[in-house]
Amino acid sequence: MDLKNKVVLITGANGGLGQAFVNYCLEKEVKKIYCCARNIENLNGLNILDDDRVEVFKLDITNNLDIENIAYKAEFVAG
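Cut-off values and rules
- Think of each chain on its own: its residues are numbered from 1, step by step along the sequence as written.
- Reporting of local features is limited, given that this is a predicted model, to residues whose pLDDT is at least 70; pairs of side-chain atoms are given and counted only at 80 or more, and all residues count toward the totals for whole chains, interfaces and linings.
- Side-chain descriptors were evaluated using all non-hydrogen atoms of the structure, hydrogens and water having been removed beforehand.
- Each helix is a run of H or I in the DSSP string that is no shorter than four residues. Each strand is a run of E no shorter than two, and both are numbered from the N terminus.
- Accessible area is worked out with a 1.4 Å probe on protein chains only. A residue is then buried under 20% of its type maximum, exposed over 50%, and partly exposed in between.
- Any two residues having at least one pair of non-hydrogen atoms within 4.5 Å are treated as being in contact.
- At least two DSSP bridges between two strands are needed for those strands to be called paired.
- Axis angles are defined between N-to-C directions and span 0 to 180 degrees, where every axis is a line fitted to C-alpha atoms and, for a helix, only to the segment in contact.
- Residues enter a nonpolar core if they are buried and are Ala, Val, Leu, Ile, Met, Phe, Trp, Tyr or Cys, with the set joined through side-chain atoms within 4.5 Å.
- By definition here, a salt bridge exists when the distance from a side-chain nitrogen of Lys or Arg to a carboxyl oxygen of Asp or Glu is within 4 Å.

## Describing the overall build of the protein
Helices and strands together make up the secondary structure of the protein, namely 2 helices and 3 strands. Helices (α) and strands (β) of the protein occur, in sequence order from the N terminus, as β-α-β-β-α. In the protein, which comprises 79 residues, the proportion classed as buried is 32%. Long-range pairs, those at least 24 residues apart, make up 41% of the contacts in the protein with a sequence separation of at least 6.

Now the structure itself:
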């Protein structure tokens, strides 16, 4: 899959599989990664947070405000 210069949203980025997805995307030279978790404090330990391509967002899929915030940000970047 060609991810070079793409924008990627990864939910559950604080888990083992999420971390693996983040690392994979960074290796594939993505433009931007939105790392999401219900509790963003859980993302503080990720070693990828020093990369300018990584941005952290709180995202609880049961919270409409969280969904609207990430949708707005994604639309702004894509548009």
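## Structural notes on the sheet that holds strand 1 (residues 7-11)
Two pairing modes exist for strands in a sheet, parallel and antiparallel, and in both the strands are linked by backbone hydrogen bonds. The 3 strands are arranged 1-2-3 in an open sheet whose pairing can be described as parallel. In the strand order of this sheet, the two ends are held by strand 1 and strand 3 (54-58), each with one partner. Within this sheet the neighbouring strands show an average axis-to-axis angle of 20°, counted without direction. On the sheet, helix 1 (residues 16-27) packs against strand 1, strand 2 (32-37) and strand 3 and is oriented at approximately 170° with respect to strand 1.

## A short note on the nonpolar core
Within the largest apolar cluster, 13 residues are counted, with the highest numbers of intra-cluster contacts made by Ile 10, Ala 13, Val 22, Cys 25, Val 30, Ile 33 and Cys 35. Filtering out sequence-adjacent residues up to four positions away, Ile 33 remains in contact with Val 8, Ile 10, Val 22, Cys 25, Leu 26, Arg 53, Val 54 and Glu 55. Core analysis: the next-biggest nonpolar cluster, separate from the first, contains 5 residues, Tyr 34, Phe 57, Leu 59 and Ile 70 among them.

## A look at the pattern of salt bridges
Evaluation of the coordinates by the stated rule reveals 4 salt bridges. Of the charged contacts, one joins Arg 53 and Asp 51 as a salt bridge, the two residues approaching to 2.9 Å between their closest N and O atoms. Under the relative-accessibility criterion, Asp 51 is labelled partly exposed at 23%. Linking Lys 58 and Asp 66 is a salt bridge whose minimum nitrogen-to-oxygen distance equals 2.6 Å. What makes Asp 66 buried here is its relative accessible area of 9%.

## Quick word on the side chain of Asp 66
For Asp 66, the position within the fold is in helix 2 (residues 64-78). Leaving out residues up to four positions away in the same chain, Asp 66 has contacts with Lys 58, Leu 59 and Asp 60.

## A few points about unusual backbone geometry
The residue Asn 5 is not glycine, and still its phi comes out positive at about 65°. Relative to the elements of secondary structure, Asn 5 occurs in the segment before strand 1. Unlike most non-glycine residues, Glu 29 shows phi in positive territory, near 60°. Note on placement: Glu 29 falls in the loop between helix 1 and strand 2. A residue is classified by how much of its surface remains accessible, and Glu 29, at 44% relative accessible area, is partly exposed.

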